[in-house]
Amino acid sequence: DTGVSQDPRHKITKRGQNVTFRCDPISEHNRLYWYRQTLGQGPEFLTYFQNEAQLEKSRLLSDRFSAERPKGSFSTLEIQRTEQGDSAMYLCASSSRLAGKDNEQFFGPGTRLTVL
Amino acid sequence: AQSVTQLGSHVSVSEGALVLLRCNYSSSVPPYLFWYVQYPNQGLQLLLKYTTGATLVKGINGFEAEFKKSETSFHLTKPSAHMSDAAEYFCAVSDVTNTDKLIFGTGTRLQVFP
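Residues numbered from 1 in each chain as written. Chains lettered and ligands numbered in written order. Predicted model: local features only at pLDDT ≥ 70, side-chain atom pairs only at ≥ 80, totals over all residues. Heavy atoms only, no water.

1. Re the overall build of chain A
The line we're drawing: Comment: elements are numbered from the N terminus, with helices defined as DSSP H or I runs of at least four residues and strands as E runs of at least two. Relative accessibility decides the category of a residue: with a 1.4 Å probe and only protein chains considered, values under 20% of the type maximum give buried, values over 50% give exposed, and everything between is partly exposed. Contacts are assigned to residue pairs that have any heavy atoms within 4.5 Å of one another. His is not counted here, nor are the chain ends, while Lys and Arg score as positive and Asp and Glu score as negative. Charged groups are reduced to one reference atom each: NZ for lysine, CZ for arginine, CG for aspartic acid, CD for glutamic acid.
Per the secondary structure count, chain A includes 0 helices and 11 strands. Tracing chain A from N to C terminus, the helices and strands come up as β-β-β-β-β-β-β-β-β-β-β. Residues classed as buried in chain A amount to 47% of the 116 residues present. Long-range contacts, defined here as pairs at least 24 residues apart, represent 53% of the contacts in chain A between residues at least 6 apart. Between the centroid of the 16 positive side chains of chain A and the centroid of its 14 negative side chains there is a distance of 4 Å.

In structure tokens form, the structure reads like this:
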């Protein structure tokens, strides 16, 4: 297993366009997280999946944002009608909470979104 | 609510000098604490973590951190800085609910001068 992968690595779009990002977690991990990181800040939690169920969404996740994780495997994050304030690095992480193991999250390389 | 404060957005040291990056946390429950490193245009890599047990934890690349409950601190140290340590460092606390989401500090950029 090569770790968490994200695609694309970079996305430049015009304001008002829709964008979709993909995250492929480590194969045996049942937990998946999306975070957003703006310049000079730490990552901020966006949403969490356990298997295919989306169990928590941050207030940061406006109604223009939607995330899915069909069949509990890869996940997609879509932003509709992008705004310049959406420009950020979008990070995906996965983990596996097994008995006796703590929840270490493994991060992907991120997708950097620039909205012009 | 849990939170993390990292004192000093930038830290500069000479190669071979002690590295000290400060982190204080706020948590109403026993915290799980983490330090991550981020190199330019890359994701986050776990350096070390504290969950339970020994309060002095050792991580990769010679880093270590000590959990001090009385001071609500989890400072990161390395005895001798190397040029390759130059990066952004993030302290995080785990929201120990069903989600275990991470709450990050604002980060400290470490510069290492020859």
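2. Quick notes on the overall build of chain B
This is how it is decided: The reference for a compact globule is 2.2 Å times residues^0.38; the radius of gyration itself is calculated from the C-alpha atoms. In short, Shrake-Rupley with a 1.4 Å probe defines the accessible areas, and a residue's cover is counted only from the protein chains shown.
Helices and strands together make up the secondary structure of chain B, namely 0 helices and 12 strands. The C-alpha atoms of chain B give a radius of gyration of 14 Å, which matches the 13 Å a tight globule of 114 residues would have. The principal-axis extents of the C-alpha atoms in chain B amount to approximately 45 × 30 × 20 Å. Counting every position in chain B, which comprises 114 residues, the buried fraction comes to 46%. Of the roughly 5,300 Å² of accessible surface on chain B, 53% is carried by carbon and sulfur atoms.

3. Some remarks on the sheet that holds strand β3 (residues 19-24) of chain A
Residue and element names in this part refer to chain A. Short version of the rule: Between any two strands, pairing holds if DSSP finds at least two bridges. Axis definition: a line fitted to C-alpha atoms, limited for helices to the stretch in contact. Angles are taken between N-to-C directions and run from 0 to 180 degrees.
An order of β1-β3-β8-β7 is seen for the 4 strands of this open sheet, with the pairing classed as antiparallel. Here the strands that pair on one side only, and so sit at the sheet edges, are β1 (5-7) and β7 (65-68). For this sheet, the mean inter-axis angle between neighbouring strands, taken without regard to orientation, is 15°. In this structure, β3 lies alongside strand β8 (residues 75-79), joined through 5 bridges in antiparallel fashion. What sits directly across from Thr 20, in β8, is Glu 78.

4. Considerations on the interface of chain B and chain A
Accessible area lost upon the coming together of the parts is a frequently used measure of interface size. Quick reminder of the rule: Summed over both partners, buried area is the accessible surface (1.4 Å probe) that two parts give up on being assembled. A carboxyl oxygen of Asp or Glu within 4 Å of a side-chain nitrogen of Lys or Arg is what we treat as a salt bridge. We define a polar contact as two N or O atoms separated by no more than 3.5 Å, with the added condition that, inside protein, one atom must be a possible hydrogen donor and the other a possible acceptor, whereas residues neighbouring each other in sequence contribute only through side-chain atom pairs. Nonpolar residues are Ala, Val, Leu, Ile, Met, Phe, Trp, Tyr, Cys and Pro. Charged residues are Asp, Glu, Lys and Arg, and all others, Gly as well, are polar.
Contacts between chain B and chain A engage 20 residues on the former and 23 residues on the latter. Of the roughly 1,800 Å² buried where chain B meets chain A, counting both sides, 50% is carbon and sulfur surface. When the buried surface of chain B facing chain A is broken down by residue, Thr 99, Asp 100 and Lys 101 of chain B rank first, second and third, together holding 27% of it. On inspection of chain B and its partner chain A, the count reaches 3 salt bridges. With a closest N to O distance of 3.0 Å, Glu 104 of chain A and Lys 49 of chain B form a salt bridge. At the boundary of chain B with chain A, the tally comes to 9 residue pairs in polar contact (both at pLDDT 80 or more). When contributions to the side of chain B that touches chain A are tallied by element, the ones reaching two or more residues are β5 (32-38), β6 (44-50) and β11 (102-104) of chain B. At 4 residues, β5 of chain B tops the list of elements feeding residues into the side of chain B that touches chain A. Of the residues contributing to the side of chain B that touches chain A, the split by class is 8 nonpolar, 9 polar and 3 charged.

5. Notes on the pattern of salt bridges
All names here are of chain A. Counted according to the given criterion, the structure contains 9 salt bridges over all chains. Ionic pairing is found between Glu 83 and Arg 64, a salt bridge with its closest N-O pair at 3.4 Å. Of this pair, Glu 83 sits in the loop between β8 and β9 (88-95) while Arg 64 is found in the loop between β6 (53-57) and β7, placing the two residues 19 residues apart along the sequence. Judged by its relative accessible area of 38%, Glu 83 is partly exposed. Among the charged side chains, a network of salt bridges with common partners joins Arg 64, Glu 83 and Asp 86.

6. Here we look at the layout of surface pockets
To find leftover empty space, one rolls a probe the size of a water molecule over the atoms. The criterion, for reference: Of the two site types, the cavity is a set of points on a 1 Å grid over the protein atoms alone where a 1.4 Å probe fits but cannot get out, and the pocket is an open set with protein on both sides within 12 Å along at least five of seven lines, each lined by residues with an atom within 4 Å of a point. Grid points are joined across faces, edges and corners, and a volume is the space filled by probe spheres set on the points.
Here the largest pocket defines a volume of roughly 490 Å³. What lines the largest pocket is a set of 24 residues, among which Gln 37, Leu 39 and Gly 40 of chain A together with Glu 88 and Arg 109 of chain B lie closest to the centre. Broken down by secondary-structure element, the contributors of at least two residues to the lining of the largest pocket are β9 and β11 (111-115) of chain A together with β10 (87-94) of chain B. Its residues assigned to classes, the lining of the largest pocket comprises 8 nonpolar, 13 polar and 3 charged.

7. Some words on the pairing of β11 of chain A
All names here are of chain A. Alternating positions in β11 separate cleanly, Thr 111, Leu 113 and Val 115 being buried on one face and Arg 112 and Thr 114 remaining unburied on the opposite face. Sheet topology places β9 next to β11; 3 bridges connect them, and they run antiparallel. The partner of Ala 88 across the bridge, within β11, is Leu 113.

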